[in-house]
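# Structural characterization, general
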Amino acid sequence: MLQSSELKPVKHEKDSVVVYWMRNKDLRLTDNRALAHASGVAKTHSLPLIVLYVFSPSDYAAHDRSPRRIDFQVRQLRYLSAELAKLDIPLYTIEWSERKSIPSKLLEKLEEWNASALIGNLEYEIDELRRDTEIVQKTNKARKGGEGWKGETTFLADFCVVPPGEVLTKQDKPYSVFSPWYRNWSAKVSANPLDYIDDAGGVEANDKSARNHPVLKPMFEHKVPEKIKGWSLDAEDQKNMEHLWPVGEGVCEEVMRRFLKTKVRKQAFFEPPLHPGAQDAKDPKKDSKIGEYATGRNNVSLDGTSHISPYLAAGFISPRHVLRLTAELSNNKLPTDKSTGNGLATWISEVAWRDFYQHVLCAWPRVSMGRPFNLKYENVVWEHNDEHFQAWKDGRTGFPIVDAAMRALKAQGYMHNRCRMIVAMLFTKQLMLDWHLGERYFMEQLLDGDLGANNGGWQWSASTGCDPQPYFRIFNMTSQSEKSDPDGDYIRYWVPELKSLKGKAIHEPSASMSEKEILKLGYVMPIVDHATTRKRALARYKE
Ligand SMILES: Cc1cc2nc3c(=O)[nH]c(=O)nc-3n(C[C@H](O)[C@H](O)[C@H](O)COP(=O)(O)OP(=O)(O)OC[C@H]3O[C@@H](n4cnc5c(N)ncnc54)[C@H](O)[C@@H]3O)c2cc1C
């Protein structure tokens, strides 16, 4: 928790207001710690609540945000605005292009509105932590007799199941290896489910008189913009995204229900999570997607994972909520021992990875400043090859599984986890390109782009991160392809040039076909040779 100091109790005067600052990772009205707290403060002092959201295009640019992600958030904000209006609460949005001046502009607004409290959920990226710290420091200074807004500021931990700083070694140090961290994390969660996965509460309606409050009245006239200049999509992509990643009433719960209660389907492409025709599982613990997750999650031609990541990353649903829904399948217990091969336990451990990378971000802030976790690898010599970088982005590397995955990413703003590992491995080890470039490209494309998870995934692949893949274990693209897309359906869908290929040839056309034959299909030869580049990578890392 980050809070202004308790110098003098703040006076909640009768014409003041309470402000909940909604951020990019908590775009929901239920099970939301800061919103519930703000609503409680407003009720206790009989004050109206304002929900504030700040559009900050310069932050989006600095954090390589994907326009699709901004569009996704805008769609959700418009939905939330309508929901809040039913509760007589305004959702007021402001666009500020100067990100460094957000604290001072915000404090000016709070003074203008005569707000007595500002409440939000913490964001763990370094820029955001600095911004919130500046707000708290400025408030404290004003409350010690200085100029400026003198209300109460509170930022709460909400994004993780277990807040950063609570999973520590016996020596009170942060963990840098996932397995012991996970044992500690799961012991805490299982022992204190009420603390960690209980519903944090939501929002209560304002009194009807809020509609005539001098500060709130004009806010009810305010409309959340449909588009943010520089961050909007063309009409076709907008339609595509609305179809693949819908927002609105009950969407997240339904995405979860499909994962927990319906059967795995074979699909070489990713259908929207709310596609028609999902078949109910007989025994969800065994034959639903989650029941089969321990094995199904690595087959990229199955819809064997939840696809909840964009909704979790932008906080349309809380991680507590997804775990509660999972626990319902298991007598309200959370099975966490994944060594049993239990699908539920394996899935819970994946959700825990999300927490793990946030904990890493907080314990070692250098990872959100572009530096490797493992400083030993800070000076690995990377190649500078624009042609290879472009071929990777365009899905024209000559490695079919990589090309399929990269084309899927461009088309859908999403990529299967196994494919993320494969394409990142080719990028960092075989192409020997700087992982920062791949990390940035992912952020620009992904709907679920999140600094902690994305940086963690990239540094895992580049072997520079926390508990990474050791540098000498370099994926062989052909065997990865055979394991993750056994029938080649995923490749055939995304790389139609190869759809006539049968059997193993789909995974490595160049092993059985001449260059002329491959080019005739409209495909390309591999842009690098695995054996040569493997040696190069080993040498570079050793150096
Ligand atoms: C190079 C690379 C980059 C990645 N970038 C991101 C990113 O920007 N945002 C993101 O949310 N995930 C990222 N991941 C993790 C993972 O690929 C996605 O979370 C997952 O594919 C989302 O699909 P799903 O919701 O169906 O996952 P499921 O398999 O159903 O997993 C459930 C949830 O657990 C979390 N999760 C699962 N695996 C991981 C993981 N390895 N690290 C962190 N959280 C995880 C996600 O919130 C996910 O929605 C990345 C992985 C790699 C290797």
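Refer to the structure above for everything that follows.
Quick caveat, the model's predicted, so the values are computed rather than measured. The numbering scheme is per chain: residues are counted from 1 as the chain's sequence reads. Where local features are concerned, this predicted model is filtered to residues with pLDDT of at least 70; where side-chain atom pairs are given and counted, the filter is 80 or more; whole-chain, interface and lining totals use all residues. Calculated side-chain values reflect all of the structure's heavy atoms, with hydrogen atoms and water omitted.

## Considering the environment of Met 415
Residue position: Met 415 is located in the loop between α17 (400–412) and α18 (417–430). Taking the relative accessible area as the measure of exposure, Met 415 reaches 1% and is therefore buried. Through-space distance from the C-alpha of Met 415 to that of Arg 324 is 26 Å; in sequence the pair is 91 residues apart. By the convention used here, residues are in contact when the closest approach between their heavy atoms is within 4.5 Å. Setting aside residues no more than four positions away along its own chain, Met 415 makes contact with Ala 405, Met 406, Leu 409, Arg 420, Val 423, Phe 442 and Leu 446. Helix and strand assignments come from DSSP, with helices taken as H or I runs of at least 4 residues and strands as E runs of at least 2, each series counted from the N terminus. Residue burial is assigned from relative accessible area. The probe radius is 1.4 Å, only protein chains are included, and a residue is buried under 20% of its type maximum, exposed over 50%, and partly exposed in between.

## Some words on the packing of aromatic side chains
Under the pairing criterion, centres of Phe, Tyr and Trp rings, with the six-membered ring standing for Trp, must be within 6.5 Å; the plane angle then separates stacked pairs below 30 degrees from edge-to-face pairs above 60, leaving the rest tilted. Tallying each qualifying case throughout the model produces 40 aromatic pairs. On the basis of an interplanar angle of 65° and a centroid distance of 5.8 Å, the ring pair of Tyr 311 and Phe 316 is categorised as edge-to-face. We note that Tyr 311, like Phe 316, is buried. Centroid distance Trp 392 to Phe 427: 4.4 Å. Interplanar angle 55°. Geometry classified as tilted. A residue pair is termed long-range when its members are at least 10 positions apart, and Trp 392 in helix α16 (residues 386–394) and Phe 427 in helix α18 qualify at 35 residues.

## Examining the site of the ligand
Nearness of a residue to a molecule or strand requires only that one of the residue's heavy atoms be within 4 Å of it. Taken together, 27 residues sit near the ligand, with Tyr 293, Thr 305, Ser 306, His 307 and Asn 417 positioned nearest. Polar contacts, as used here, are pairs of N or O atoms within 3.5 Å; protein pairs need one atom able to donate a hydrogen and one able to accept it. Residues neighboring in sequence count only if both atoms are side-chain atoms. Side-chain polar atom of Ser 306 to an oxygen atom of the ligand: 2.6 Å apart, as the coordinates give it. Backbone polar atom of Ser 309 to an oxygen atom of the ligand: 3.0 Å apart, as the coordinates give it. Burial of the ligand by the protein amounts to 95% of the accessible area it has alone, namely 820 Å². Of all the elements in the fold, those that place two or more residues in the shell around the ligand are α13 (309–313), α15 (343–363), α18 and α20 (451–461). A total of 6 residues in the shell around the ligand trace back to one element, the largest contributor, which is α15. All amino acids are sorted into three groups, where Ala, Val, Leu, Ile, Met, Phe, Trp, Tyr, Cys and Pro are nonpolar, Asp, Glu, Lys and Arg are charged, and the leftover types, Gly among them, are polar. Class assignment of the residues belonging to the shell around the ligand gives a composition of 14 nonpolar, 8 polar and 5 charged. Domain limits in this description derive from either an automatic procedure or a database domain assignment. Taken domain by domain, the makeup of the shell around the ligand includes at least three residues from each of domain 2 (243–363) and domain 3 (375–542). Using a 1.4 Å probe, the Shrake-Rupley method yields the accessible areas, and only the shown protein chains count as cover for residues.

## Describing the sheet that holds strand β2 (residues 17–22)
Read across the sheet, 6 strands follow the order β1-β6-β5-β2-β3-β4 without closing on themselves; strand pairing throughout is mixed. Of all strands in the sheet, those with a lone pairing partner are β1 (2–3) and β4 (91–95), marking the two edges. Summarising the sheet, strand β5 (residues 115–121) and strand β6 (residues 152–156) pair through 5 bridges and their orientation is parallel. Looking at β6, one finds that Ala 117 is bridged to Glu 152. Angles shown run from 0 to 180 degrees and are taken between the N-to-C directions of axes, each axis being a line fitted to C-alpha atoms and, for helices, limited to the stretch in contact. Packing against the sheet, helix α1 (residues 33–44) makes contact with β2, β3 (49–55), β5 and β6, and its axis sits at approximately 160° to β5. We call two strands paired when DSSP finds no fewer than two bridges between them.

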